[in-house]
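# Structural characterization, general
In case you want the letters, here they are:
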Amino acid sequence: MSNPNIRVGVDIGGTFTDVALQHPGGLSTGKVLTNYSQPEQAILDGIERAAGAAAIELGEIGQVIHGTTLVTNALIERRGAKLAFITTEGFRDVVEMRSENRFEQYDLNLTLPAPLVARKDRFTVNERVAADGSVLLALQQAEVDAMVQTVLDGGYEAVAIGFMHAYANPAHEQMMAEALRKAAPDLSVSISSVISPQMREFERFNTVIANAYVQPQVADYLGRLVARLRDTGIQAPVFMMHSGGGLISVETASAEPVRLLESGPAGGAIFAADFALAHGLDKVLSFDMGGTTAKICLIENGTPKTANTFEVARTYRFKKGSGMPVSTPVVEMVEIGAGGGSIASVDAMGRIQVGPKSAASEPGPACYQRGGEEPTVTDANLALGRLDPDNFAGGAIPLSAENAHQALHSRLGAKLAIESSDAAFGVTEMVDENMANAARVHTVENGRDIEHFTMVAFGGGAPLHACRLCEKLGIEALIIPPGAGVGSAIGFLKAPFSYEASRGLFQRLDEFEASSVNAALKELEAEARAFVAEGAADAEISTKLTAYMRYSGQGWEIPVVLPYREFQAGDRGMLLEAFEQAYRTLFGRIIDDLAVEVTNWSLTVASVLPDVAKAGRHLTGLPLAPGKTRDFFDAAQRRTVTAQEIERSAMAPGVIVEGPAVVVENETSTIVTSAYSVIGQGDGSLLLLRKGAVK
Amino acid sequence: MSVSPIDYQIMWNRLIAVVEEQATTLIRTAFSTSVREAGDLSAGLFDRQGRMMAQAVTGTPGHVNAMAESVTHFAREIGVQNTFEGDVFITNDPWMGTGHLHDITVVTPVFRKGTHIGYFACTAHVVDIGGRGFGPDAGEVFEEGLLIPITKFADCGTVNSLLIQLVRANVRTPDQTVGDMYSLAACNEAGNRRLQDMMDEFAIDDLDGLSGFIMEGSRKATLEAISKVPSGTYHASMTVDGYDAPVHMVVTLTVEGAQLKADFTGTSGMSKFGVNCPEVYTRAYACYALKCAIAPEVPNNTGSLLPFEISAPEGCILAAKRPAPVSTRHVMGHLVPDVVLGALHQAMPDTVPAEGASALWNIQISARPSDPGSGLPNREVLMFNSGGTGARPALDGMSATAFPSGVSTMSVEATEHVGPITVWRKDLREGSGGAGKFRGGLGQTIEIEARDGYDFYFNAMFDRIANPARGRDGGGAGGPGAVELSDGSKLRGKGRQKIENGKRLKLSLPGGGGYGDPRDRDRDQVRADLEAGYITEDQAKADYGLEL
């Protein structure tokens, strides 16, 4: 008999498939290797293992929540459907011309990412909708019929339709789609006015194309997954994590798989947000560092910051502009090529550079002894005493300090005429600089002061680097939650059912028309509620309304959160005031006498979750009796210090250890520098506080 | 704590983040569309000798390298004895800044513990600077707007109110232009805060040691890269459309060991119109081209820029003399890399691309009601558009992509919300890429019509209509540009013209040149190009020799 209190979160990552099983007795987690040919097999293995450990029958599982990087991988590896794209005559090449710029100024041999649909598979019809939604050129039925024939003759598996200004008037797109569905009911058809109803043709077209490209494959996979779960006796409903940090049904996910792209990282952000709420923190910076990349996200008042456009599949050193833009709701992250596997080298100026190239897990860092010869961040951490060679990944991978020194010496030290220990320091400092700089720029771009944030760090590499990062950023408090190795999967269990519906509706504020806005919002609410009802029909719901606004003539909008209610003609002043307040927060001032306009509206409907239990928070405590010690290199002090070494299990609530200290556990170690103390918390977290910080 | 080489490396890395933050602050607070949308700005840190230590990587090489020179002018004109804490310097002198009046450069001296240790500088293109407005039609720089000589915007923390009044009284958009002046000053301030934090962290009180480390490392790396260029003297010339008469650009490149000189003697004289380039802007683009090809990985600073010695004789179109009009100097400036790379090609075969469209086809559209009595408002619309780049030695050129400029285009949907126009077409121009073993990038076709009730004017500043981009090593020329109505009637490539309601303006942007003999192009690639419509059937047969 299934039990609604037994829930399982499953995150398929590039290397591991993580499982988190929540049951009345607590949390049971597991990691299995991702199975690329049969991803669902790894899920079943992982669930069986976690259930076994918790002595739970599979039939008792009440809910399965899933997120995956497989959709992103399909885009990166270009394994998708044979696809046709139909667009407005005159705009066949929007997805090929991109933004007409080069994301790297000095590379004469730059290659731009090719569109997912080649030019020969991009077709046009004569039709045109104007910016205000009026029809400038009507789409003729005969032309629709001819296009249907072209698609049928071409043997396409999927079709994406994106017409100019379809967000303002979807009639032509619908007409085209209906004709295709009628002629070929099994054909996968995606239209831009449904998948991404937002202004800006490049982003919208690319989003509908990405959706159509992966749709048949994702629908097939999710179908198999549900069937296999049923076969093994798991009758529980299956829900999917979406990029925006909420849950949707498998059916919605199958139709709009582009919403799943960032599901894993979104789970991580929700995981961090949960700890922010438990610790009563209103300003949190989440820091997730793995083997290849590090991700940073702002979380305010328990909610991760979201955006409506992001970029996937960057092709050039994680550079902005080198990937594909996707316009769907997303938890906003900065991602940089910095992880344990990031490779260090010396450039023409004799400078140590780290990443974005990664040794990945094969061959892995030199110290893994699997043939890796290039020095990585992990090698540097080992050389500096920050990692225990005999207890890495729970002892599963014995690390060779000799190999690490050799790689650091031959590739860095010898070239720069410095000791390999100095080279190791250079490597970790450089990677910490890179991450700190990315975090600083991200907070500046959002008009925030990073000093006022608390960091929540998770992922295999984060506990080694987070404290130094906080020193560099002037952050006084840092939380290392328990279970950080499977953070995303745990985050899935903490997410609400939610759906963000959005609509491009362009209006100048001085011509504000309440009735058309109200009509659009009503539609958005009905749409969003229907999606939420699929998972949480009876739940109490919350709504959040965001208008995307800007000064007339500016290129980019800012999100302005507004009260959700019926608008009146007289609300112009309220809208202006809300915009000015948001603008001032971001840019420090407003511009007088410039017209203001709204471009998009978005409405998020979410199920209301029970309040997060407060963590027993300890800002001070009783010291542990001194025990084992270990030496590590303290970067701020520029010297090796003798640190206390403590098992994480010994860090009971209210236990304090002054830095320098190393807290060791199976998967990783937490480095506490000389400037910080570590205090055990009621929820099993570690709280690192700067000595002398105002509490 | 003594400063180790590793510390210097970390600080160098940090400085890049400092100037990126400086630039980000400017992008986010500027009024000017070209700053926000296209990254038309520059920001950097200089030592007290005026040597640039670090610079943000932004959209336009023209600013990037020109600003590097400007700080020395400020240091000289104002003098150290008159430099005080709280001072902010300013100019938009085309010959002291970045080449035209629309670019305002602001320099803020940096102090630490009461001692002057360096400067922050930044440059941005402002919305309006008075005069005739942004266009090539002036006969002298005096007509192009207000010139602010090198002066103090703020003196010991007090803003110069007379200067503000003067600017306000002389420009069409006083709030925005003055607002941008404050934005520029604020962005230097943001950079300064972060720099001081860094100096606290590393416990240093001057920049001399760090600057020396950066200059030496960068200079050495650049000289090493130049040494790999075979010594010799290399000539190249190129004819482009110009405004009223064709312009011949001539360059002589001399390489001797680690010494490299480029000189533009022989280049045509100045134009009567505002397409002239002050030498600083020519140097910026010439240097950019050389750096891309020779030492792309060395960061921009005085140490890496100085080894490139670039000169043009005063009075030629690439070293315009006061009081020449220079408002649209970018058209000639953007073409400079093509001729410079042509010379370098002889020294370093198989390195540089063929010629490209190069000069942006930016269009400022002024929509005006057909009936002035209708009460419809005037609207201004700005579009940035790019043709094709030249093919590379082992890669096709990039279609509809800016080079050497690094600006972005705007969304057509967004543009149609700005003003009453319909863009009926903005797609690749089939057959416009120069034939070659590697094909030139395609240009694009743009068709624009005014909505009901409106006509529109546009200011043409387009090149490569009479003189298309040439190929290299047997590659064919890119398609020439064309300005016409969609019924085929020709329009002029330069100057203000009117498009009446019901007519459509058709811009055909030039393609890039090809590289290598088209008959050596991979046959499958030729067939794929034909199937995609990148080339026409005639071209496949005639240029590529494909048997169908």
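Rules used throughout
Residues numbered from 1 in each chain as written. Chains lettered and ligands numbered in written order. Predicted model: local features only at pLDDT ≥ 70, side-chain atom pairs only at ≥ 80, totals over all residues. Helix = DSSP H or I, 4+ residues; strand = E, 2+ residues; numbered from the N terminus. Rg over C-alpha atoms; globule rule 2.2 N^0.38 Å. Buried ≥ 20, exposed ≤ 12 C-beta atoms within 10 Å, placed from the backbone. Contact = placed C-beta atoms within 7 Å. Bend = angle between axes of the 7 residues up to and from the residue. Pairing = 2+ DSSP bridges. Axes fitted to C-alpha atoms, helices over the stretch in contact; angles between N-to-C directions. Domains from an automatic or database assignment. Right-handed = clockwise from strand over helix to strand, strands pointing away. Nonpolar A, V, L, I, M, F, W, Y, C, P; charged D, E, K, R; others polar. Core = buried A, V, L, I, M, F, W, Y, C linked by C-beta atoms within 7 Å. Left-handed = near helix turned anticlockwise from the far one by under 90°. Parallel < 35°, antiparallel > 145°, perpendicular 65-115°, else oblique.

### Focus on the overall build of chain A
A count of helical and extended segments in chain A gives 16 helices and 36 strands. Taken over C-alpha atoms, the radius of gyration comes to 26 Å for chain A, in line with the 26 Å a tight globule of 695 residues would show. For chain A, with 695 residues in total, the buried portion stands at 56%. In chain A, once contacts between residues fewer than 6 apart in sequence are set aside, the share between residues at least 24 apart is 69%.

### Let's talk about the overall build of chain B
Scanning chain B from terminus to terminus reveals 12 helices and 19 strands. Over its C-alpha atoms chain B spans a radius of gyration of 24 Å, differing by no more than 12% from the 24 Å that the globule rule assigns to 548 residues. Dimensions of chain B, computed from C-alpha atoms along their principal axes, come out at roughly 75 × 65 × 40 Å. Burial analysis of chain B (548 residues in total) assigns 61% to the buried set. Long-range pairs, those at least 24 residues apart, make up 75% of the contacts in chain B between residues at least 6 apart in sequence.

### A word on helix α11 (residues 401-416) of chain A
All names here are of chain A. In the structure, α11 departs most strongly from a straight axis at His409, where the bend amounts to approximately 50°. Those residues of α11 lying buried are Asn403, Ala404, His405, Ala407, Leu408, Arg411, Leu412 and Gly413. As for α11, its buried residues are in contact with β21 (342-346), β22 (352-358), α10 (377-383) and α12 (420-445). Once α11 ends, the next one or two residues include Ala417, with phi positive near 55°.

### Structural notes on the sheet that holds strand β25 (residues 498-508) of chain A
Residue and element names in this part refer to chain A. Read across the open sheet, the four strands follow the order β25-β28-β26-β27; overall the sheet is antiparallel. Here the strands that pair on one side only, and so sit at the sheet edges, are β25 and β27 (558-562). Direction aside, the axes of adjacent strands within the sheet are offset by 25° on average. In this structure, strand β26 (residues 541-551) lies alongside β27, joined through five bridges in antiparallel fashion. Residue pairing for β27: Thr546 is matched across the bridge by Val561. Lying on the sheet, helix α15 (residues 514-533) is in contact with β25, β26 and β28 (596-607); it crosses β28 at an angle near 30°. Of the strands in this sheet, β26, β27 and β28 are in contact with helix α16 (residues 572-587), which crosses β27 at around 130°.

### A closer look at the domain arrangement of chain A
Split into domains, chain A comes out as domain 1 (3-74 + 219-260), domain 2 (80-213), domain 3 (342-429), domain 4 (498-607) and domain 5 (622-690). Summarising the inter-unit geometry, the C-alpha centres of domain 3 of chain A and domain 4 of chain A are found 49 Å apart.

### Here we look at the pairing of strand β10 (residues 188-191) of chain A
Residue and element names in this part refer to chain A. Burial along β10 is two-sided: Ser188 and Ser190 facing one way and Val189 and Ile191 facing the other are all buried. As paired strands, strand β9 (residues 158-162) and β10 are joined by four bridges and run parallel to one another. In the sheet register, Val159 faces β10, and the bridge partner there is Val189. Running through helix α5 (residues 171-183), the crossover from β9 to the neighbouring parallel element β10 is right-handed.

### Considerations on the domain arrangement of chain B
All names here are of chain B. Taken domain by domain, chain B comprises domain 1 (5-219) and domain 2 (353-548). In this structure, domain 1 and domain 2 have C-alpha centres spaced 35 Å apart. Contact with domain 1, which involves 11 residues of that partner, is made by 12 residues of domain 2. Of the residues forming the side of domain 1 that touches domain 2, the biggest block, three residues, is contributed by helix α2 (residues 33-38). Residues that form the side of domain 1 that touches domain 2 fall into these classes: four nonpolar, five polar and two charged.

### A short note on the nonpolar core
Where a protein is soluble and globular, its nonpolar side chains tend to be buried together. Core analysis: the biggest nonpolar cluster contains 381 residues, and Val159(A), Ile209(A), Leu478(A), Leu26(B), Val106(B) and Val340(B) have the highest contact counts within it. Per-element accounting of this core gives the leading share, 13 residues, to helix α7 (residues 201-231) of chain A. For Ile209(A), the contacting residues outside a window of four places in its chain are Phe85(A), Val95(A), Leu116(A), Val117(A) and Ala160(A).

### Describing the pairing of strand β15 (residues 444-450) of chain B
Residues and elements named next belong to chain B. With five of seven residues buried, β15 is to be regarded as a mostly interior element. Here strand β14 (residues 421-428) pairs with β15 via seven bridges, running antiparallel. The residue of β15 that forms the bridge with Val423 is Ile448. Where β15 lies against strand β19 (residues 504-508), five bridges are found, and the strand directions are antiparallel. Bridging from a neighbouring strand, Ile448 pairs with Leu505 of β19.

### Overview of the sheet that holds strand β12 (residues 247-249) of chain A
Residue and element names in this part refer to chain A. If you walk across this open sheet you meet the six strands as β3-β2-β1-β4-β11-β12, and the pairing is mixed. Either end of the sheet is taken by a strand with one partner, and the two such strands are β3 (26-33) and β12. Strand after strand, the sheet turns through a mean of 25° between neighbouring axes, direction not considered. Taken together, the seven bridges between strand β1 (residues 3-12) and strand β4 (residues 61-68) define a ladder with parallel strand orientation. Its bridge partner lying in β4, Ile12 is registered against Thr68.

### Here we look at the interface of chain A and chain B
Contacts between the two partners involve 55 residues from chain A and, on the opposite side, 63 residues from chain B. Tallied by class, the residues present in the side of chain A that touches chain B amount to 22 nonpolar, 13 polar and 20 charged.

### Describing the packing of helix α1 (residues 39-53) of chain A against α7(A)
Residue and element names in this part refer to chain A. Where α1 meets α7, the axes come as close as 9 Å, and the angle between the chain directions of the two elements is 30°. Crossing angle aside, the handedness with which α1 passes α7 is right-handed. The residues of α7 that touch α1, namely those facing Pro39, Glu40, Ile43 and Leu44, are Tyr221, Arg224, Leu225 and Arg228. Its residues placed into classes, the contact of α1 with α7 shows five nonpolar, no polar and three charged.

### Quick notes on the packing of helix α4 (residues 161-170) of chain B against helix α5 (residues 174-201) of chain B
Residues and elements named next belong to chain B. Between α4 and α5, the least distance of the axes is 8 Å, while the angle of their chain directions is 140°. Overall, the two elements α4 and α5 adopt an arrangement that is oblique. Remark: the crossing between α4 and α5 carries right-handed chirality. Residue-level contacts link Ile164, Val167 and Arg168 of α4 to Pro174, Thr177 and Val178 of α5. Here the residues of the contact of α4 with α5 are counted per class, giving four nonpolar, one polar and one charged.

### Details of unusual backbone geometry
Cis rather than trans, the peptide bond between Gly659(A) and Pro660(A) has omega equal to 5°. Tracing the backbone shows Pro660(A) in the loop between β32 (655-658) and β33 (661-664). With omega at 5°, the peptide bond leading from Phe403(B) into Pro404(B) counts as cis. The phi torsion at Asn301(A) lies on the positive side, around 50°, for a residue other than glycine.

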